[in-house]
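Report on the structure
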Amino acid sequence: EAGVVQSPRYKIIEKKQPVAFWCNPISGHNTLYWYLQNLGQGPELLIRYENEEAVDDSQLPKDRFSAERLKGVDSTLKIQPAELGDSAVYLCASSPGWGTGTGSYEQYFGPGTRLTVT
Amino acid sequence: AQTVTQSQPEMSVQEAETVTLSCTYDTSESDYYLFWYKQPPSRQMILVIRQEAYKQQNATENRFSVNFQKAAKSFSLKISDSQLGDAAMYFCAYASNEKLTFGTGTRLTIIP
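Here's what I pulled together on the structure shown here. (Residues numbered from 1 in each chain as written. Chains lettered and ligands numbered in written order. Predicted model: local features only at pLDDT ≥ 70, side-chain atom pairs only at ≥ 80, totals over all residues. Heavy atoms only, no water.)

1. Considering the overall build of chain B
This is how the line gets drawn: Elements are defined by DSSP. Helices are runs of H or I of four residues or more, strands are runs of E of two residues or more, and each kind is numbered from the N terminus. Throughout, the radius of gyration refers to the C-alpha atoms, and the reference size of a globule is 2.2 Å times the residue count to the power 0.38. In this scheme, a residue with accessible area under 20% of its type's maximum is buried, one over 50% is exposed, and one in between is partly exposed, where area comes from a 1.4 Å probe on protein chains only. Note on contacts: a residue pair is in contact if any heavy atoms of the two residues lie within 4.5 Å. Every accessible area reported is derived by Shrake-Rupley at a probe size of 1.4 Å, with residue values counting cover from the shown protein chains alone.
Across its full length, chain B holds zero helices and twelve strands. Overall, chain B shows an N-to-C arrangement of helices and strands of β-β-β-β-β-β-β-β-β-β-β-β. The C-alpha atoms of chain B give 13 Å as radius of gyration, which agrees with the globular expectation for 112 residues (13 Å, within 12%). By principal-axis analysis of the C-alpha atoms, chain B measures approximately 40 × 25 × 20 Å. Expressed as a percentage of the 112 residues in chain B, the buried residues total 48%. Contacts spanning at least 24 positions in sequence make up 53% of the contacts within chain B whose residues lie at least 6 apart. When the accessible surface of chain B is totalled, it reaches about 5500 Å², and 44% of it is carbon and sulfur.

2. Considering the interface of chain B and chain A
For clarity, the threshold we go by: Accessible area, probed at 1.4 Å, shrinks when two parts are joined; the buried area is that loss added up over both. Only one rule defines a salt bridge in this text: a Lys or Arg side-chain nitrogen within 4 Å of an Asp or Glu carboxyl oxygen. Here a polar contact is recorded for every N or O atom pair within 3.5 Å, except that within protein the pair must consist of a potential hydrogen donor and a potential acceptor, and residues adjacent in sequence are included only if both atoms are side-chain atoms. Three classes are used: nonpolar for Ala, Val, Leu, Ile, Met, Phe, Trp, Tyr, Cys and Pro, charged for Asp, Glu, Lys and Arg, and polar for all others, with Gly counted as polar.
Opposite the 20 residues of chain B that make contact, chain A presents 24 residues. Interface area for chain B against chain A, summed over the two sides, is near 1900 Å², with a carbon-plus-sulfur share of 52%. Remark: the boundary between chain B and chain A carries one salt bridge. Summed over the shared surface of chain B and chain A, the number is four residue pairs in polar contact (both at pLDDT 80 or more). Going through the elements one at a time, β5 (33–39), β6 (46–52), β10 (88–96) and β11 (99–102) of chain B are the ones with two or more residues in the side of chain B that touches chain A. Sort the elements by how many residues they give to the side of chain B that touches chain A and β5 of chain B lands first, with four residues. A per-class count over the side of chain B that touches chain A returns nine nonpolar, six polar and five charged.

3. Regarding the state of the cysteines
The following threshold applies: By disulfide we mean two sulfur atoms from cysteines, separated by a distance within 2.5 Å.
Taken as a whole and judged by the stated rule, the model has two disulfides over all chains. Here Cys-23 of chain A is linked by a disulfide to Cys-92 of chain A, with a sulfur-sulfur distance of 1.9 Å. On the sign convention where negative is left-handed, the bridge of Cys-23 of chain A and Cys-92 of chain A, at about -70° about the S-S bond, is left-handed. On the criterion of sequence distance, the pair formed by Cys-23 of chain A in strand β3 (residues 19–24) and Cys-92 of chain A in strand β9 (residues 88–95) is long-range, its members being 69 residues apart. Cys-92 of chain A shares its class with Cys-23 of chain A; the two are buried. For Cys-23 of chain B, the disulfide goes to Cys-92 of chain B, at an S-S distance of 2.0 Å. With the S-S dihedral at roughly -70°, the linkage between Cys-23 of chain B and Cys-92 of chain B falls on the left-handed side. With Cys-23 of chain B in the loop between β3 (19–21) and β4 (24–26) and Cys-92 of chain B in strand β10, this pair connects stretches of sequence that are 69 residues apart. Exposure remark for Cys-23 of chain B: the relative accessible area of 1% places this residue in the buried category.

4. A look at the pairing of strand β8 (residues 75–79) of chain A
Residues and elements named next belong to chain A. Threshold: Note on pairing: DSSP must find at least two bridges between two strands before they are called paired.
Counting buried residues in β8 gives four out of five residues, a clear majority hidden from the surface. As judged from the five bridges shared by β3 and β8, these two strands associate in the antiparallel manner. When the sheet's bridge partners are listed, Val-19 is paired in β8 with Ile-79. Pairing geometry for strand β7 (residues 65–68) and β8, over four bridges, is antiparallel. Counted as the bridge partner of Phe-65 is Ile-79 from β8. Hairpin connection from β7 to β8: six residues lie between these consecutive antiparallel strands, with Lys-71 at a positive phi of about 65°.

5. Looking at the side chain of Asp-86 of chain B
All names here are of chain B. The residue Asp-86 is located in the loop between β9 (74–79) and β10 in this model. Residue Asp-86 is classed as buried on the basis of its relative accessible area, which comes to 3%. Among the polar contacts listed, one links the side chain of Asp-86 to the side chain of Arg-63, at a separation of 2.8 Å. Beyond its immediate stretch of four places on either side in the chain, Asp-86 contacts Lys-38, Arg-63, Phe-64, Ile-79, Asp-81, Leu-108 and Ile-110.

6. Overview of the side chain of Gln-37 of chain A
Tracing the sequence through the fold places Gln-37 of chain A in strand β4 (residues 31–37). The class for Gln-37 of chain A is buried, based on a relative accessible area of 7%. One polar contact links the side chain of Gln-37 of chain A to the main-chain carbonyl oxygen of Gln-41 of chain A, over a distance of 2.9 Å. Other than its neighbours up to four places away in sequence, Gln-37 of chain A contacts Gly-42, Pro-43, Ala-88, Val-89 and Leu-91 of chain A together with Gln-39 and Phe-91 of chain B.

Take a look at the structure:
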């Protein structure tokens, strides 16, 4: 079974430029998460999707960040315009969905995208 | 709000020895889950072990085991027979109401 796929793995952009990250979750997983991980820190949730609905985006900086999950499968996270402080690793994770059975609360992570803003 | 605290930023252990990583958490919930994730330099977060709060028995996965003390809100990870491949960042995480909260991590170094 394929794991969570993310692209690109690395991205370097100049400040004020736009950037987008793509995530393909594990097949059949209804819940998708985007996390921000700063160096030396644990991941912090940006947004959670249940199918195509964003059910928790309280930590997403909506002035410059946006996300979508069309058709409830793949997801894209966008930053426009990027700032120097956005340099971090962006992780995508998926899970079968809470309450769907044993292990449904476990999250499976992708390799992440390391963003460098210069 | 739930918080997860890992008080050991770095730990080291001799190969084949045993090491224990500490984690405490704060919650008012009675039903929750606890996890240890491993993140090697490749960045892929890998689930090491999980514990359901309603279970009194400590979880075990091969060389990895936990000491879950619910009343003390403590969830430590013990790695037995440490191997070079165990070198990584280890994150303790708490899950409730479909939200996962991570600690700041412990960097584990294995000394050959």
